[in-house]
Amino acid sequence: MSKAPRSATANRDWGSDESGTSVMHVDMDAFFAMCELARRPELRGLPVIVGGQGRGVVLAATYEARAFGVRSAMPMTSAMRLCPQAVIVPPDHRRYSDVSRSIMATIGEITPIVEQISIDEAFLDVSGARRRLGPPTAIGARLRAHVQAVHGVTCSVGIAKNKFLAKLASTHAKPDGMLLVPAEASVPFLRTLPVGALWGVGEKTEAQLARWGITTVAQLADSDVATVQAAVGRVGGAHLYDLSWGRDPRPVVPSESERSIGNETTFGTDQSDRVAIEARVLELCDKVAARLREQGVVTRTVALKVRTNDFRTLTRSRTLDGPTDVARELYRVARELLSAVDLRGLPVRLVGVRAENLSLRTGMAEQLTLDEASSERPSVQREAELALDAVRQRFGSRAIGLGAGGMSAESRRASEALPSRRDDALTTPSPISGPILVRRRTT
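Residues numbered from 1 in each chain as written. Predicted model: local features only at pLDDT ≥ 70, side-chain atom pairs only at ≥ 80, totals over all residues. Heavy atoms only, no water.

Q: Pulling in residues and values, what's your account of the overall build of the chain?
A: Counting its secondary structure elements, the chain contains 17 helices and 15 strands. Here the chain, with 443 residues, has 47% of them falling under the buried criterion. Counting contacts in the chain only where the partners sit at least 6 residues apart, residues at least 24 apart contribute 67% of the total. Carbon and sulfur atoms make up 52% of the accessible area of the chain, which amounts to about 21400 Å² in all. (Helix = DSSP H or I, 4+ residues; strand = E, 2+ residues; numbered from the N terminus. Buried < 20%, exposed > 50% of the residue type's maximum accessible area, 1.4 Å probe, protein only. Contact = heavy atoms within 4.5 Å. Areas by Shrake-Rupley, 256 points an atom, 1.4 Å probe, with all protein chains shown as cover.)

What follows is the structure in structure tokens.
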């Protein structure tokens, strides 16, 4: 969801002329939270926050929670201080991904020119769909009705002559609305907005412009371009000046595929035990690999993210010898990256693993790793992890996990001495050569 400031004085009706307005921006409303309300309707009307307990962050919040000042990416501790009566719901990323893929598939039936920019928003160029489906407002209304009827979530739609204006329009249509900004109304619409509504204007840039007496889009547009460049730099100033007049030449570029797949987690307490950190990295590699296999893609690059307790964030990445969707391979590289990170003796607050440089597995010429080449059954590790996928599909994502078989012998011995972080667990060897599978008891 856009975090750009909205204007309280902005008109909600700028006219009905749809000629020259073929760019749409579709943005789900509080997407994660709405997905939860769809399957738990008893929570409707209540302040609901999707996020982890302890020191996690807010992933989404209903508008009832936002009324108390709760915002996405806010620490959960701060959110609970603002809204102690909120209902906390743990995230279900698999469900959100499933709903997102279904919605994006529906959007793809409208036009092939779809640029998905996140799990819950996309740009569409509907110029080629007008004759078949009608004007953009009719297309937007039909899409919004379908998404709500099928998935129980709402979305807001902005329609304008370019991507910049369409995104601004969807922001002002929220929640659960649609706003058309006719081509001739582009500049009048922009002149009602604060300068912070322009793409690229964050708190620092907004403060720099304010020192030059520029606090609204109208003031920026009425300034000499040289003045704006003096305030924020030559390139940035020219860009903001063009935006203030509604100029954005970028086309809607169809998204070919998801660029990366990743997971990250925040420790309940800052962690200095390297073995415990490695164990969490293994869990993340297991999740990432499962998502790769689910989507039928493989990765060639593994990236590791580490945040220390002073909020310093370190990232490292490495390109693999060959593409893979096997957690053991991801973990081998991620653990090596972790060992090379200089933590300066500081405990770790957060770790994350991301698979990048993705490609479809179908038709891929498979290159064996050294481990696989020396094995009697080259695909044994992947077969074992596919078995995990089947168990999770039937019994839930927490039914079974990748155990210490993916660790080094030293790490495995140390991890066995650690108390269980969540559920009681029985660790048993896999019936086939490969990882040790952890079957979690549920109550």
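Continuing now.
Q: Lay out the packing of helix α11 (residues 225-232) against helix α12 (residues 234-244) in plain terms, naming residues and giving numbers.
A: Two numbers describe how α11 lies on α12: the axes approach to 7 Å, and their chain directions differ by 130°. By the angle class used here, α11 and α12 are oblique. Here α11 runs over α12; the crossing is right-handed. Contact with α11, carried on its side by Val225, Val228, Gln229 and Val232, involves Arg234, Gly236, Gly237, Ala238, Leu240 and Tyr241 of α12 and no other residues of that element. Across the contact of α11 with α12, the residue classes break down as six nonpolar, three polar and one charged. (Axes fitted to C-alpha atoms, helices over the stretch in contact; angles between N-to-C directions. Parallel < 35°, antiparallel > 145°, perpendicular 65-115°, else oblique. Left-handed = near helix turned anticlockwise from the far one by under 90°. Nonpolar A, V, L, I, M, F, W, Y, C, P; charged D, E, K, R; others polar.)

Q: Give a description of the sheet that holds strand β1 (residues 23-28) that names residues and reports values.
A: On the basis of which strands lie adjacent, the open sheet formed by five strands has the order β5-β6-β1-β7-β8 and mixed pairing. Edge strands, defined here as strands with exactly one partner in the open sheet, are β5 (114-118) and β8 (178-180). Pairs of neighbouring strands in the sheet enclose a mean axial angle of 15°, with direction left out of account. In this sheet, strand β6 (residues 121-125) lies alongside β1 in antiparallel orientation, the contact comprising five bridges. When the sheet's bridge partners are listed, valine 26 is paired in β6 with alanine 122. (Pairing = 2+ DSSP bridges.)

Q: Requested: an account of the nonpolar core, with residues and values cited.
A: With 34 residues, the main nonpolar core has Val26, Met28, Phe31, Ile103, Ile107 and Leu124 as its most contacted residues. What isoleucine 103 contacts, discounting residues up to four positions off in sequence, is Met28, Phe31, Val147, His151 and Val153. (Core = buried A, V, L, I, M, F, W, Y, C linked by side-chain atoms within 4.5 Å.)

Q: Let's hear about the side chain of serine 186: which residues, and what values?
A: For serine 186, the location among the structural elements is in helix α8 (residues 186-190). Take serine 186: its relative accessible area is 1%, and that puts it in the buried class. A distance of 2.9 Å separates a polar atom in the side chain of serine 186 from the backbone oxygen of alanine 183. Apart from the residues within four sequence positions on either side, serine 186 is in contact with Lys161, Leu165 and Val181. (Polar contact = N/O pair within 3.5 Å; in protein donor to acceptor, adjacent residues only side chain to side chain.)

Q: Go over the confidence of the model for the chain, please, and point to the residues and values.
A: Across the chain, pLDDT averages 84, with 82% of residues at or above 70. Scored below 50 in pLDDT, residues 405-443 makes 69 contacts in the model with residues more than four places away or belonging to other chains. (pLDDT = per-residue confidence, 0-100.)

Q: Hey, could you go over helix α14 (residues 327-340) for me, with residue numbers and the actual values?
A: Note: α-helices contain 3.6 residues per turn, so residues at a spacing of three or four share the same orientation. Compared with an ideal rise of 1.5 Å per residue, which puts 14 residues at 20 Å, α14 spans 20 Å between its outermost C-alpha atoms and is within 8% of the ideal. Listed as buried for α14 are Ala327, Glu329, Leu330, Tyr331, Val333, Ala334, Leu337 and Leu338. (Expected span 1.5 Å × (residues − 1).)

Q: Explain unusual backbone geometry to me, and be specific about the residues and the numbers.
A: A cis amide bond links lysine 174 to the next residue, proline 175, at an omega of -10°. Here proline 175 shows up in the loop between α7 (163-173) and β8. In this structure, alanine 30 is a non-glycine residue whose phi angle is positive, near 45°. Mapped onto the elements of the fold, alanine 30 is located in the loop between β1 and α1 (31-39). Alanine 30 sits in the buried class, given a relative accessible area of 4%. Its identity is not glycine, yet alanine 73 carries a phi of approximately 75°, on the positive side. Along the chain, alanine 73 turns up in the loop between α2 (63-66) and α3 (76-82).

Q: Would you mind going over the pairing of strand β11 (residues 313-324) in detail, with residue names and values included?
A: The sheet contact formed by strand β10 (residues 297-308) and β11 spans eight bridges and is antiparallel. What sits directly across from leucine 304, in β11, is arginine 316. Between β10 and β11, which pair antiparallel and follow one another directly, the connecting turn spans four residues, one of which, phenylalanine 311, has a positive phi of 70°.

Q: Can you explain the pattern of salt bridges? Please cite residues and give values.
A: Under the defined criterion, the tally for this structure stands at 19 salt bridges. The shortest N-O distance in the salt bridge between aspartate 98 and arginine 101 comes to 2.6 Å. With aspartate 98 and arginine 101 both in helix α4 (residues 93-110) and three residues apart, this pair spans about one turn of that helix. Residue class for aspartate 98 comes out partly exposed when judged on its relative accessible area of 37%. The exposure class of arginine 101 is partly exposed, given its relative accessible area of 35%. Here the residues in one salt-bridge network are Arg94, Asp98, Arg101 and Glu294, joined through shared partners. (Salt bridge = Lys/Arg side-chain N within 4 Å of Asp/Glu carboxyl O.)

Q: Can you tell me about the pairing of β1, naming the residues and giving the values?
A: Within β1, six of the six residues are buried, which leaves the element mostly enclosed by the surrounding structure. In β1, alternate side chains face the same way, and those of Val23, His25 and Asp27 on one face and Met24, Val26 and Met28 on the other are all buried. Judged from the six bridges that link them, β1 and strand β7 (residues 155-160) form a sheet pairing that is antiparallel. Paired with valine 23 across the two strands is alanine 160, which belongs to β7.

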